[in-house]
Each structure stands twice: as C-alpha cells, then as structure tokens.
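In case you want the letters, here they are:
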Amino acid sequence: MKLRLFTEPQQGATYDDLLVVAKAAERLGFDAFFRSDHYQRIGEGDPGPGSTDAWITLAGLARETSTIRLGTLVSPATFRLPGPLAISVAQVDQMSGGRVELGIGAGWFDGEHAAYGIPFPPSGERFGRFEEQVEIVKGLWTAEKSFSYDGRYYRLVDSPALPKPVQRPNPPIIIGGVGARRTPRLAAAFADEYNVPFRTLDATGEAFGRVRQAAEEIGRTVRLSAAQTVCVGRDQAELDRRAAAIGTDLAGLRENGLAGSPAEVLEKLGRLAELGAEHVYLQVMDLSDLDHLELIAAEVLPHV
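What comes next concerns the included structure. (Residues numbered from 1 in each chain as written. Predicted model: local features only at pLDDT ≥ 70, side-chain atom pairs only at ≥ 80, totals over all residues. Heavy atoms only, no water.)

1. Looking at the pattern of salt bridges
- Under the defined criterion, the tally for this structure stands at 18 salt bridges.
- Residue E294 is joined to R27 by a salt bridge in which the shortest nitrogen-to-oxygen separation is 3.2 Å. Placement of E294 in helix α11 (residues 290–299) and of R27 in helix α1 (residues 15–28) is noted, with a sequence separation of 267 residues between them.
- By relative accessible area, which is 55% here, R27 ends up exposed.
- The salt bridge partner of E238 is R242, with a shortest N-O separation of 3.3 Å. A residue pair is termed a helical-turn pair when its members lie 3 or 4 positions apart in one helix, as E238 and R242 do in helix α8 (residues 236–245) at four residues.
- What makes R242 buried here is its relative accessible area of 4%.
- One salt-bridge network, held together by shared partners, links R234, E238, R241, R242, D289 and D291. (Salt bridge = Lys/Arg side-chain N within 4 Å of Asp/Glu carboxyl O. Helix = DSSP H or I, 4+ residues; strand = E, 2+ residues; numbered from the N terminus. Buried < 20%, exposed > 50% of the residue type's maximum accessible area, 1.4 Å probe, protein only.)

Encoded structure:
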C-alpha cells in the first residue's frame, strides 16, 4: 500500500502554502501530493485567500519537486473542455518528467459554478459529458495519428492529438464515486484507478466489489484506492487539538476516517488493504500542521 497526501486548497490556501506541504511530502517519503479542484470554499467559514487553479498549481509543483507524483482528486468535467484538458495535463506531465495523474469527475458543487459563470447542467447531462470527456482525453493521448470523435455533447474533427504525455500510453486516470450503475461501468472501461471517497469500511468494500465485477466482465483490472480524512496523535490531548483545529468530531472521524493513535490508524489501513486498496489518500485539512505529517511519516508510513 502507498500513502498519498490529499489537500483541499479551496478552504483557503495559497500556492506557497501548497508548495511547503508538497515539498514536505516529498522529503518525508509519501508517494504523491494530490489536491482537490474547486474554485470556492465548501461550507461556512473564513475563505482566507480563496482557492487556486488546480492545474496551474500542479504545473508549478512539477518544476519545484522531483520525485513525488502529482494529481487531482478530482477535476470536474464541467470546468474544462476535453481537448484543452488533455493538452494541459499532457503538458504538466512533460513538465514533471512523467509524474502526473488525472482524477476526473462529473462535477457537483453548484455554488462555485454560479459564482464564476461556469455552466452547471442537470445531473444526467453532467454525467453524460463526463463520460464523453474521459473517452476523448484518453483517445487524444493514445491516438497514433489524428483523432476524431462524434458524440452527443462533443465533436472533434481531425485533431492532431498533441502534445503527448510522457507516460505511455497515458497518465493514470482516476475515477471515483459510489454510484451503483454508471460509475462501475465507466471506471471499468476507462479508469486505471477507482477511488472510494470518505466511506466506512463496509461501504468501501461494497463499492470495490461492484467495480471488480464490472472490470472482470470486460477483461480488465482496475487499481483500487480510498480517500480518508486523517487525524493522528501521540496521545488524547494531541488528537483532541488536531480534531478541534479542523472542526471535526473525533468519534465520527474514527468511524468514517483515519483517526487515533498511529497503531489505531495502522489497524484500519490494514483492513483497507484486505479490501484491496493499493493507494490511500490521506486528506490533510490543516496545512500548517507539518508536525502532523512528520508523525505520520515516522510512525505510520514505514509500516504499510
């Protein structure tokens, strides 16, 4: 199992804040630094400096890090047209020397769309556009010559399908969610990795099972992963302090996330591994608490 850091910059973080965390993650031996892709704070509270653009951030980090993998969890299909998205991700993959991964979803936060003038179609259309977008992005990356596509929502005519990413045939594509019908089919067909975000162990196992079955039916295998909010402490006082800093109920986080002593967190990671998770994304909400990362790196990371 590989542990990856996952940040939520829309809650208020500058590029410099993210750079500090990404460099710490690389130094401490985490496998990857991921960020959400949102333009507005989710929930009440001080927005701070506001959010930053995910792919501009990752382009900068691509030049300021050297080994850690970089990606989104996840980029909404509503934010970008599929052709320009394929170009952006391929370019950042080149800038990083082949360290980029694309997490992509249908989009859900209507408030940020209204705030920045981004169209927000009904859910059925969003998922339809998302499905076509995944197919187009992968098609542009893998096409040997030109690429054309004629779908319900997008039409491409003789695209040169350039630039190409460094990773061949394509940077890993991550699809997440817990939908019972369309998500397993789409993940099985196009994803390199399927991610279950912020669910109990039972719910995570059920979602993994649906995707395994869908992938087996078409002769593919898909890597499985989970995202969990993390809160680790050496003692109860440290745990309480960290939970209070992110405004989270510790009891609930023990049930639905990764919270407790290093030993407790390792026990739950072991159960996720038994379910088949190869990557676990540790959602870190307090980006100023670098001692938290140091503790996880020292007491958890070496044992997974």
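2. Let's talk about the layout of surface pockets
- Approximately 770 Å³ is the volume attributed to the largest pocket.
- Of all elements in the fold, only β5 (100–105), α5 (123–142), β8 (173–176) and β9 (193–197) reach the threshold of two or more residues within the lining of the largest pocket.
- At four residues, the largest contribution of residues to the lining of the largest pocket is made by α5.
- Looking at side-chain class alone, the lining of the largest pocket contains 16 nonpolar, twelve polar and four charged residues.
- The wall of the second largest pocket is formed by 16 residues, among which Q11, G12, M285, D286 and L287 lie closest to the centre.
- Element by element, the count of residues in the lining of the second largest pocket is highest for α1, at three residues.
- Considered class by class, the residues forming the lining of the second largest pocket number eight nonpolar, three polar and five charged. (1 Å grid on protein atoms, 1.4 Å probe; cavity = no way out; pocket = protein on both sides within 12 Å on 5 of 7 lines; lining within 4 Å. Points joined across faces, edges and corners; volume = space filled by probe spheres on them. Nonpolar A, V, L, I, M, F, W, Y, C, P; charged D, E, K, R; others polar.)

3. Thoughts on the packing of aromatic side chains
- In total, this model carries seven aromatic pairs according to the counting rule given.
- Ring geometry for F34 and Y281: centres 5.0 Å apart, planes at 75°, overall edge-to-face. Residue F34 is located in strand β2 (residues 32–35), and its partner Y281 is located in strand β12 (residues 277–284); the two are separated by 247 residues in the primary sequence.
- With relative accessibility at 0%, the residue F34 sits in the buried group.
- Three or more aromatic residues joined by ring pairs form one cluster here, namely Y39, F79 and Y116.
- Across the ring face of Y154, the terminal group of R129 is positioned such that the distance to the ring centre comes to 5.5 Å. (Phe/Tyr/Trp six-rings, centres within 6.5 Å; stacked < 30°, edge-to-face > 60°. Lys NZ or Arg CZ within 6 Å of the ring centre and 35° of its normal.)

4. Observations regarding the packing of α1 against helix α2 (residues 54–64)
- At a minimum axis distance of 11 Å, the contact between α1 and α2 shows a crossing angle of 45°. If you check the angle between α1 and α2, you find them oblique. The way α1 lies across α2 gives a crossing that is right-handed. Two secondary-structure elements touch here, α1 through Y15, L18, L19, A22 and K23 and α2 through T57, G60, L61 and E64.
- Looking at the contact of α1 with α2 residue by residue, the classes come out as five nonpolar, two polar and two charged. (Axes fitted to C-alpha atoms, helices over the stretch in contact; angles between N-to-C directions. Parallel < 35°, antiparallel > 145°, perpendicular 65-115°, else oblique. Left-handed = near helix turned anticlockwise from the far one by under 90°. Contact = heavy atoms within 4.5 Å.)

5. Focus on the environment of R212
- By secondary structure assignment, the location of R212 is in helix α7 (residues 201–217).
- Distance from R212 to L224, taken between C-alpha atoms, is 8.9 Å for residues twelve residues apart in sequence.
- With near-sequence residues (within four places) excluded, R212 lies in contact with L224, L275 and G276.

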